[in-house]
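Structural characterization, general
Read off the chains here:
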Amino acid sequence: MKSLRGKIRDGELIPALEQCQRLLQCDQNNPYLWLVCCEVLENLERFGDALDSLRRAKRLSGDAVTVADREIQLARTMQDDAAEFTALIRKGFLCDQADLKHWYWIRVSTLAWQTGEKPIALKALSEAFSRYHACETSRHEGAQAILNVPPSLLAELLPLVARLYQDCAFLYEALFYARMLEGQSSLAINAFLEARKIAPENRLSKPFLERFKREEIDWDVFETLALDYVTDGTACAELIWLLVWYRQYSGRVPDAVALLKDNIDLLRSEPLPLFMAALDFASSAGISLKQIDNEKISPMAAFQKAVNEDRWHDAIDYTDNEDLKSFVRQALPLLDSGRPRLSHPALEEEVIISGPERPNGIVFIFTGLADALIVPINLIDVFLAELGLTAIYCRDFQRMIGCNGIKSLGNDFDETIDGFKSLIAQYGENKPVFTMGNSAGGYLAGIYGAKIGAQASLLFSPVYSVDAAELLDRFQDKRARVVIRRINKSCDLSRLRMPDAMEEMGDRPVTAYVPTGNNEDARHAQGFASHPNVTIHELDHFTGHATITRAAGQRGFLNVVKDAYGL
């Protein structure tokens, strides 16, 4: 028979509640049972009953700290900040303060700040950073906790805390993060440089970078000020890496490559870059950083490098992803065909044309927000060369999901359509036209495919809408919020509706490969499934985003393309 705790763990809440009630009939003075009952009622969102159970547990004088923890959790679930603050303070009096974790003090500081209790907020923040100061390995946990703290609190109070912990590198990283969000670019750079002076080998915490992607930050001001430090020679290598990251993320890939090349000696002289993807980016740009001690790129970057250098068997060894291994193994028999194919795609090129002489059609391939198709485009090109399809790879350098056009083809959406038509006239006249895309690129393959008269479209994990409200309300999709806000501010969404594009496609087929389960991609797939010309392929037992590799692994990539395009 399953235990009470087992039922709760497995989500069997009604049976758990019934068992609690039976046990309480026999032992109404058991505070543990009342706390468990409170937990179950909280999960059932019966908050009034949960509070009643909590009060019963309190009156029975059980473990006061355990009761306080349950009170904190219930208040947090109910979003009752005042009750949570009271319960946290109560726990502080019940416990040895030395035993209280950093997250406790961070939360007390946040709630005190929100109620105007600045002295308490400062004291609690100092206690939190005393723990980070004593244990540098707690930086990752600390970064996660800091994300939930108002940046205004950190920007105002951390300089005061710094008087106590002047050599705490993480404190200055958190101050840099807060000042960036508060628009204090000059002060942010000072904090950044101070952090690196204390701990030159530290990397900026990845959660901070991820937060920067979701927020509207005045990066232009930051870049201008930071470049002054680069020009006068006072910048550390990691500040340059941060600028490279910003330029890459904002779509200014050629500028990012130029900054790397201009500062190559400094970047080689210091031990570690800002983040692993920086080395990956340098490797993709063909820039060697081997002088760096213990240089190490990620397995995916090593995979890409091996593919670029035609070391296909090495590429298989560099990845643990069985679908990706299968993808490469499928390409191996095609490599000796003698057909011209893309070898090392230039990182700075927004539009790349491969195989203009191929006779069987032209396919426009749209990458996702990361300028990628999950797999290297030169691996995809092996298969398209085999099928005799001229391939035109389109990247999203403007970080607008192509909704405002592709700059090297046109200044806006309409001019880009004209640019596509010019390419068709040049390379695909009297040939069938196809589109392909992954993720956000799947959205573009659908939208632009309809506009340029594509004979068929092949989409992997495609996005159905870029309307901010629809993404949140209908698809529960919070990805790429900064990009979506930018699109909604500057683009005519009435021109970008997928239902209109699918209607314009008529009976021309659209094939979409999507994951199973309840996730963003599966919810977007429901939008596509409402159109009669769309065929949805759900990939069994797969809930991830990389449907292009899973489809290739399950069905063979040549078969996937042939079936979609009717070849």
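Above this text is the structure in question.
So, a few notes on the structure that sits alongside this text. (Residues numbered from 1 in each chain as written. Predicted model: local features only at pLDDT ≥ 70, side-chain atom pairs only at ≥ 80, totals over all residues. Heavy atoms only, no water.)

1. Observations concerning the pattern of salt bridges
Here is the rule: A pair is scored as a salt bridge if a Lys or Arg side-chain nitrogen falls within 4 Å of a carboxyl oxygen belonging to Asp or Glu. Per the convention used, a helix needs a DSSP run of H or I reaching at least four residues, while a strand needs a run of E reaching at least two, with both numbered from the N terminus. Any residue under 20% of the maximum accessible area for its type is buried, any over 50% is exposed, and the rest in between are partly exposed; the area is computed with a 1.4 Å probe on protein chains only.
Considering all chains together, one arrives at 30 salt bridges under this definition. One salt bridge connects Glu71 with Lys58, and the closest N-O pair in it is separated by 2.9 Å. Here Glu71 is found in helix α5 (residues 64-77), whereas its partner Lys58 is found in helix α4 (residues 47-59), with 13 residues between them in sequence. By relative accessible area, Glu71 is classed as buried at 14%. Where Arg495 meets Asp414, a salt bridge forms, and the shortest distance between an N and an O atom there is 2.6 Å. In this pair, Arg495 sits in the loop between α26 (481-490) and α27 (498-505) while Asp414 sits in helix α23 (residues 413-427), placing the two residues 81 residues apart along the sequence. Look at Arg495 and you get partly exposed, because its relative accessible area is 33%. Since its relative accessible area comes to 37%, Asp414 is described here as partly exposed. Taken together, the salt bridges that share partners define one network made up of Arg5, Glu39, Glu42 and Arg70.

2. Details of the nonpolar core
Short version of the rule: Remark: nonpolar core denotes a set of buried residues (Ala, Val, Leu, Ile, Met, Phe, Trp, Tyr, Cys) joined through side-chain atoms within 4.5 Å. In what follows, a contact means two residues having at least one pair of non-hydrogen atoms within 4.5 Å.
Phe129, Phe176, Phe212 and Phe222 are the most contacted members of the largest nonpolar core, which totals 80 residues. Examining the composition of this core, we find that 10 residues originate from one element, helix α11 (residues 169-181), more than from any other. Those residues within four positions of Phe176 in sequence are excluded, and the remaining contacts are Ala188, Ala191, Phe192, Leu204, Phe212, Phe222 and Leu242. Leu459, Phe475, Val510 and Val514 belong to the second largest nonpolar core, which has 48 residues in total.

3. Comments concerning the packing of aromatic side chains
We apply this condition: Aromatic rings from Phe, Tyr and Trp, with only the six-membered ring used for Trp, were paired whenever their centres fell within 6.5 Å, and each pair was classed as stacked if the ring planes differed by under 30 degrees, edge-to-face if by over 60, and tilted otherwise. Any Lys NZ or Arg CZ that is within 6 Å of a ring centre and within 35 degrees of that ring's normal is treated as a charge sitting over the ring.
Across all of its chains, the model carries 26 aromatic pairs by this definition. Look at Phe327 and Phe383: their rings are 5.5 Å apart centre to centre, the planes differ by 70 degrees, and that puts the pair in the edge-to-face class. In this pair, Phe327 sits in helix α21 (residues 322-331) while Phe383 sits in helix α22 (residues 377-386), placing the two residues 56 residues apart along the sequence. Classification of Phe327 by relative accessible area gives buried; the value is 0%. Each residue in the set Phe129, Phe170, Phe176, Tyr177, Phe192, Phe208, Phe212, Trp219, Phe222, Trp245 and Tyr246 is aromatic and connected to the rest through ring pairs, giving one cluster. The ring of Phe192 is capped by Arg196, whose NZ or CZ atom sits 5.8 Å from the centre of that ring.

4. Topic: helix α12 (residues 185-198)
Counting along an α-helix, one turn takes 3.6 residues, and residues three or four places apart therefore face a common direction. The following threshold applies: How far a helix is expected to stretch is found by multiplying one less than its residue total by 1.5 Å.
For α12, which comprises 14 residues, the first-to-last C-alpha distance of 20 Å matches the rise-based estimate of 20 Å (1.5 Å per residue) to within 8%. Considered for burial, the residues of α12 that qualify are Ser185, Ala188, Ile189, Ala191, Phe192, Leu193, Ala195 and Arg196. Check the buried side of α12 and you find it contacts α11, α14 (219-231) and α15 (237-249).

5. Side note on the sheet that holds strand β4 (residues 433-438)
The line we're drawing: Strand pairing requires that DSSP identify at least two bridges connecting the strands. What counts as an axis is a line fitted to C-alpha atoms, over the stretch in contact for a helix, and the angles between N-to-C directions run from 0 to 180 degrees.
Taken in spatial order, the seven strands of this open sheet run β1-β3-β2-β4-β5-β6-β7, and their pairing is mixed. Because the sheet does not close on itself, it has two edges, and the strands there are β1 (351-354) and β7 (534-538). Between one strand axis and the next, the sheet turns by 15 degrees as a mean value, whatever way the strands run. When β4 meets strand β5 (residues 456-460), the two strands line up parallel, connected through five bridges. Residue Thr435 lies in a different strand from β5, and its bridge partner there is Ser457. Helix-sheet contacts for α22 involve β1, β2 (361-366), β3 (389-394) and β4, and the interaxial angle to β3 is about 160 degrees. Its contacts with the sheet place helix α28 (residues 520-529) against β5, β6 (510-514) and β7, and it is angled at close to 150 degrees to β7.

6. What about the side chain of Thr390?
Threshold: The term polar contact refers here to a pair of N or O atoms within 3.5 Å; inside protein, the definition further demands a hydrogen-donor-capable atom paired with an acceptor-capable atom, and it admits residues adjacent in sequence only when both atoms are side-chain atoms.
Topologically, Thr390 is positioned in strand β3. Within the local environment of Thr390, its side chain forms a polar contact with the backbone oxygen of Gly355, the two atoms lying 2.6 Å apart.

7. Side note on the pairing of β4
Along any regular strand, the residues point their side chains to alternate faces of the sheet. The line we're drawing: Note on handedness: a clockwise path from strand one over the helix to strand two, with the strands aimed away from the viewer, defines a right-handed crossover.
With six of six residues buried, β4 lies mostly within the body of the structure. Of the two faces of β4, both are covered, the one formed by Val433, Thr435 and Gly437 as well as the one formed by Phe434, Met436 and Asn438. Pairing of β2 with β4 involves five bridges; the strand directions are parallel. Across the sheet, Phe366 pairs through a bridge with Gly437, a residue of β4. Between the parallel pair β4 and β5, the chain is carried across by helix α24 (residues 440-451), and the sense of this crossover is right-handed.

8. Focus: the packing of α21 against α22
To be explicit about the condition: With respect to orientation, any angle under 35 degrees is reported as roughly parallel, any angle over 145 as roughly antiparallel, any angle of 65 to 115 as roughly perpendicular, and every other angle as oblique. For any pair of crossing helices, the crossing counts as left-handed if the nearer helix is rotated counterclockwise from the farther one by less than a right angle, and right-handed if it is rotated clockwise. In the scheme used here, Gly and all other residues not listed as nonpolar or charged are polar, with Ala, Val, Leu, Ile, Met, Phe, Trp, Tyr, Cys and Pro taken as nonpolar and Asp, Glu, Lys and Arg as charged.
Two numbers describe how α21 lies on α22: the axes approach to 10 Å, and their chain directions differ by 40 degrees. Judged on the interaxial angle alone, α22 and α21 are oblique. Like other packed secondary-structure pairs, α21 and α22 cross with a definite hand, here left-handed. Contacts between α21 and α22 pair Phe327, Val328, Gln330 and Ala331 from the former with Leu379, Ile380, Val382 and Phe383 from the latter. In terms of residue class, the contact of α21 with α22 is built from seven nonpolar, one polar and no charged.

9. Quick notes on the side chain of Thr435
With respect to the element layout, Thr435 can be found in strand β4. On the accessibility criterion, Thr435 (0% relative accessible area) is buried. Those residues within four positions of Thr435 in sequence are excluded, and the remaining contacts are Val363, Phe364, Phe366, Ala445, Gly449, Ile452, Ala454, Ala456, Ser457, Leu458 and Tyr565.

10. Considerations on the packing of α11 against helix α13 (residues 206-214)
A pair of packed helices is characterised by two quantities: the angle between their axes and the separation of those axes. The N-to-C vectors of α11 and α13 enclose an angle of 0 degrees; their axes lie 11 Å apart at closest approach. Our classification of the angle between α11 and α13 gives roughly parallel. Facing α11, whose interface residues are Phe170, Glu173, Ala174, Phe176, Tyr177, Met180 and Leu181, α13 presents Phe208, Arg211 and Phe212. Its residues assigned to classes, the contact of α11 with α13 comprises eight nonpolar, no polar and two charged.

11. Quick look at the environment of Ala546
For Ala546, the location among the structural elements is in the loop between β7 and α29 (547-555). Relative accessible area serves as the criterion here: at 18%, Ala546 is assigned to the buried category. Residues Ala546 and Ser126, 420 residues apart in the sequence, show an inter-C-alpha distance of 43 Å.

12. Examining the pairing of β3
Among the six residues in β3, six count as buried, and that is most of the element. Both faces of β3 are covered, namely the face carrying Leu389, Ala391 and Tyr393 and the face carrying Thr390, Ile392 and Cys394. Looking at chain direction, β1 and β3 are connected through four bridges and run antiparallel. Its bridge partner being in β3, Val351 is matched across the sheet by Cys394. Two elements, β2 and β3, share six bridges in a ladder whose sense is parallel. In the sheet register, Phe364 faces β3, and the bridge partner there is Ile392.

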